[in-house]
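Examination of the molecular architecture
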Amino acid sequence: MRSKDLGFRVATGAFALVLVALVCAIGFELARQSMASIQKFGFNFWRTDVWDPVAGQFGALPFIWGTLYSSILALAIATPIALGIAVFIAELCPAALRQPLVFLTELLAAIPSIVYGLWGIFVLVPAIRAFETSIPGALRQLPLFSGPPLGVGMLSAALILAVMVIPFTSSVSREVLKSVPAAQREGAYALGATRFEAIRAALYYARTGIVGAVMLGFGRALGETMAVTMVIGNNPRVSLSLFAPQYTMAAVIANEFTEAADELYLAALVEIGLVLFIITLVVNSLSRLLIWSMTRSAVVLQTPEPTETPAAA
Amino acid sequence: MSRTTRRKILSSAFVAFCAGSVIVALVPLGFILFFVITQGIRALNVAFFVHMPKPVGEPGGGMANAIVGTLMVSGLAALMAVPIGVVSGVYMSEYGGTKFASVIRFAADTLNGVPSIVIGVFAYGVAVLPFKQFSALAGGFALGVMMIPIIARTTEELLLLVPGAMREGALALGATRASAVFSVVLPAALPGIVTGIVLALARIAGETAPLLFTSFNNRFFTTDLRQPIATMTVQVFTYAISPYDDWHRQAWAGALVLVVIVLVCSLLARVATRRLERMHARG
């Protein structure tokens with residue numbers, strides 16, 4: 001019977017190994033396909049900002065800039081909102097509202113990216129264009145608002161990304177808040193704290209996990225493709241302006257991959273994919289590590305005081 | 001103003017901010033659903049489901065080929081991902097404490113976080129380039145890669161919910177680990193796992209990026225797995241960035257169908273999980 005159990009373990013383990021093999025295969029395959037570009041351009045690929053496939057010039061700086069800029073802007077908008085939602089659902093809202101609200105916020109994550117993009121093109125972009133036109137001329141002189149009011153551009157992309165990231169950050173923050181021992185809040189209330197002060201104490205206690213939740217959202221924003229491709233304007237130029245059409249790593253792959261006729265062009269696009277893969281890998285791993293260390297330490301801290309809990313409940 | 005009043009005001013402001021955040025997030029959701037439903041319904045008719053796309057300039061036509069394509073590509077993905085995902089999930093729940101299980105879990109989470117466009121590039125490299133042909137199979141492979149980690153993690157979570165006494169009972173009666181899992185534990189968790197698979201299917205059916213250069217697109221009706229095939233998402237993308245009003249109309253109709261699929265699956269899953277939770281609560 002022992003040997004049968006061993007057989008079961010090995011057989012199921014072999015299936016599970018597929019997951020590890022896939023992750024390795026993705027890294028290996030992307031590295032292999034981008035070799036031509038890596039050897040030809042080296043690190044200069046990421047330092048130059050001229051992307052001219054016809055002339056054989058490939059500089060990926062505008063894409064990495066666009067990806068980071070749009071994702072960071074999106075996080076700046078989404079994080080306070082996502083945390084507000086997490087606190088509201090985990091700590092403040094009536095029990096009857098909890099499930100419906102969780103369902104609705106998770107619906108935001110379930111709507112396909114292409115639907116966000118379609119809505120972005122026909123509803124958000126015209127609204128943003130109207131907003132950009134209404135900005136007074138004096139403000140337009142600022143580098144942040146320079147350029148013609150096109151609608152498509154960094155601002156539209158950041159807004160749509162923010163909406164798409166909110167459900168991820170808020171659902172993980174909610175889980176993290178749940179793992180904060182009740183004694184933390186009760187202690188604060190016992191000392192006469194207001195609601196805000198007690199929740200602040202809980203948030204402070206959960207800070208590691210919340211940073212993890214924000215990073216998880218960051219990872220999602222970095223790799224988001226369709227919705228961004230459809231509203232960012234697809235112009236490979238480094239610019240600080242929120243109104244300027246720009247480009248992201250994911251978007252350039254989506255748009256140009258099937259057009260990449262020569263080998264070097266294709267290799268350059270795959271290299272962008274490789275770097276996107278590595279960045280998201282690092283960001284996601286860090287985020288998991290933070291969330292995991294938070295939820296694990298919470299369990300450890302709760303156990304040594306069994307006499308306290310019944311009274312608290 | 002006394003310090004206490006100030007603290008109370010700050011506290012109320014904070015509560016208001018949190019409630020406001022919920023509203024701020026639900027406004028775009030409402031807007032998106034509103035536009036997709038109103039614009040989509042105007043464009044949706046029987047022809048959308050049964051007719052082929054018409055050439056540019058001729059109004060009317062539908063997405064029959066793309067609907068079949070989405071079903072086929074998602075079906076291929078499920079064929080690949082369900083066995084691998086479920087069995088990996090079994091391994092993670094049965095041998096959860098081992099180091100190897102942590103590695104698998106990490107790989108699953110990593111794979112889950114890989115941007116879908118990167119999966120597309122990978123699938124292009126291993127399933128399109130060697131055959132010099134875009135194909136439905138390549139599209140199914142790309143979506144399958146995305147689906148495996150979702151199913152693996154859901155299966156693991158649901159298996160862990162099954163009371164340990166059930167497994168121990170089977171083992172005590174002399175069952176092998178394999179028969180304990182496949183005839184006792186897995187059947188107990190089956191409704192939940194099926195729900196998870198349906199949700200995963202709904203999610204990958206809405207994917208566009210991994211299909212752009214794997215299954216590509218096709219103006220014609222085909223069920224040949226070795227040929228490029230149209231899918232609803234890629235078709236909506238093509239129509240959305242085109243300059244033609246009639247194509248925009250169809251794009252909205254496609255979006256409505258996609259959203260309805262997601263909504264129905266999410267609602268069904270919610271009902272199913274509720275029933276499961278009640279079952280577990282009763283013991």
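A quick note: this is a predicted structure, and the numbers were derived from the prediction, not measured.

Calculation rules
- Residues numbered from 1 in each chain as written.
- Chains lettered and ligands numbered in written order.
- Predicted model: local features only at pLDDT ≥ 70, side-chain atom pairs only at ≥ 80, totals over all residues.
- Helix = DSSP H or I, 4+ residues; strand = E, 2+ residues; numbered from the N terminus.
- Buried ≥ 20, exposed ≤ 12 C-beta atoms within 10 Å, placed from the backbone.
- Contact = placed C-beta atoms within 7 Å.
- Nonpolar A, V, L, I, M, F, W, Y, C, P; charged D, E, K, R; others polar.
- Core = buried A, V, L, I, M, F, W, Y, C linked by C-beta atoms within 7 Å.
- Domains from an automatic or database assignment.
- pLDDT = per-residue confidence, 0-100.
- Axes fitted to C-alpha atoms, helices over the stretch in contact; angles between N-to-C directions.
- Parallel < 35°, antiparallel > 145°, perpendicular 65-115°, else oblique.
- Left-handed = near helix turned anticlockwise from the far one by under 90°.
- Expected span 1.5 Å × (residues − 1).
- Bend = angle between axes of the 7 residues up to and from the residue.

Each helix and strand counted, chain A has 13 helices and two strands in total. When each of the 313 residues of chain A is scored for burial, the buried share is 48%.

Of the regular secondary structure elements, chain B holds 10 helices and zero strands. Put simply, chain B runs from its N terminus to its C terminus through helices and strands in the order α-α-α-α-α-α-α-α-α-α. For chain B, the spread of C-alpha atoms along the three principal axes comes to 70 × 70 × 35 Å. Look at the contacts in chain B between residues 6 or more apart in sequence, and 73% of them connect residues 24 or more apart.

Residue and element names in this part refer to chain B. Take Met63: it is sitting in the loop between helix 2 (46-50) and helix 3 (64-94). You can call Met63 buried: it has 27 C-beta atoms within 10 Å. Taking the C-alpha atoms as reference points, Met63 and Leu276, 213 residues apart in sequence, are found 37 Å from one another.

Turning our attention to the interface of chain A and chain B. Contact residues are listed per partner, giving 65 residues for chain A and 71 residues for chain B. For the side of chain A that touches chain B, the element with the most residues is helix 1 (residues 2-41) of chain A, which contributes 17 residues. Residue composition of the side of chain A that touches chain B, by class: 43 nonpolar, 16 polar and six charged.

As a further point, take the nonpolar core. Counting 186 residues, the largest nonpolar core has Val115 and Val231 of chain A together with Met147 of chain B as its most contacted members. Sort the elements by how many residues they give to this core and helix 6 (residues 154-178) of chain A lands first, with 16 residues. Residue assignment places this core across two domains, with domain 1 (3-43) and domain 2 (65-282) of chain B each supplying three or more. Discounting chain neighbours no more than four positions away, the residues touching Val231 of chain A are Gly117, Gly120, Ile121, Leu124, Val125, Val152, Ser156, Ala157 and Ile160 of chain A.

In this section: the environment of Ala206 of chain A. Residue and element names in this part refer to chain A. Mapped onto the elements, Ala206 comes out in the loop between helix 8 (195-205) and helix 9 (207-223). Overall, Ala206 belongs to the buried group, with 25 C-beta atoms counted inside 10 Å. Look past the residues within four positions of Ala206 in its chain and what remains in contact with it is Val176, Leu177, Val180 and Met294.

On to the domain arrangement of chain B. All names here are of chain B. Split by domain assignment, chain B resolves into domain 1 (3-43) and domain 2 (65-282). Placing the centre of domain 1 and that of domain 2 at their C-alpha centroids yields a distance of 32 Å. Contact residues are listed per partner, giving six residues for domain 1 and seven residues for domain 2. Considered class by class, the residues forming the side of domain 1 that touches domain 2 number four nonpolar, two polar and no charged.

The next subject is the confidence of the model for chain B. A low pLDDT means the predicted coordinates there should not be read in detail. Residue and element names in this part refer to chain B. Overall, the prediction assigns chain B a mean pLDDT of 92, with 99% of residues at 70 or greater. In the model of chain B, helix 10 (residues 245-282) stands out as the element of lowest mean pLDDT, 86, in contrast to helix 5 (residues 116-128), which has the highest, 96. Among the prediction metrics, the complex's ipTM stands at 0.94, with pTM recorded as 0.93.

All names here are of chain A. Between helix 4 (residues 113-134) and helix 6, the shortest axis-to-axis distance is 10 Å and the interhelical angle comes to 130°. Viewed along their axes, helix 4 and helix 6 adopt a mutual orientation that is oblique. Here helix 4 runs over helix 6; the crossing is right-handed. Contact residues: helix 4 offers Tyr116, Gly120, Leu124, Val125 and Ile128, while helix 6 offers Leu155, Ser156, Leu159, Ile160 and Met164. Across the contact of helix 4 with helix 6, the residue classes tally to eight nonpolar, two polar and no charged.

Turning our attention to helix 2 (residues 61-92) of chain A. Because each turn of an α-helix spans 3.6 residues, side chains separated by three or four positions end up pointing in the same direction. Taking 1.5 Å per residue, 32 residues should reach 46 Å; helix 2 of chain A reaches 45 Å between its end C-alpha atoms and fits that length. Bending of helix 2 of chain A peaks at approximately 35° at the position of Ala78 of chain A, with proline Pro80 of chain A no more than four residues after it.

This part takes up the confidence of the model for chain A. On average, chain A scores 90 in pLDDT, and the residues at 70 or more come to 94%. Across residues 300-313 of chain A, where pLDDT falls below 50, the model places six contacts with residues more than four positions away in sequence or in other chains.

Of note in the backbone geometry, Asn234 of chain A takes a positive phi value of approximately 50° without being a glycine. Among the structural elements, Asn234 of chain A can be located in the loop between helix 10 (226-231) and helix 11 (249-256). Assessed through the 19 C-beta atoms surrounding it within 10 Å, Asn234 of chain A is described here as partly exposed. For Phe216 of chain B, which is not a glycine, the phi torsion comes out positive at approximately 55°. Along the chain, the position of Phe216 of chain B falls in the loop between helix 8 (177-205) and helix 9 (232-240). Accessibility expressed as a C-beta count within 10 Å gives 21 for Phe216 of chain B, which makes it buried.

Residue and element names in this part refer to chain A. Structurally, Pro62 can be placed in helix 2. Take Pro62: there are 22 C-beta atoms within 10 Å of it, and that puts it in the buried class. Between the C-alpha atoms of Pro62 and Ala254, which are 192 residues apart in sequence, the distance is 16 Å. With near-sequence residues (within four places) excluded, Pro62 lies in contact with Asp49, Trp51, Pro236, Arg237, Val238, Gln246 and Tyr247.

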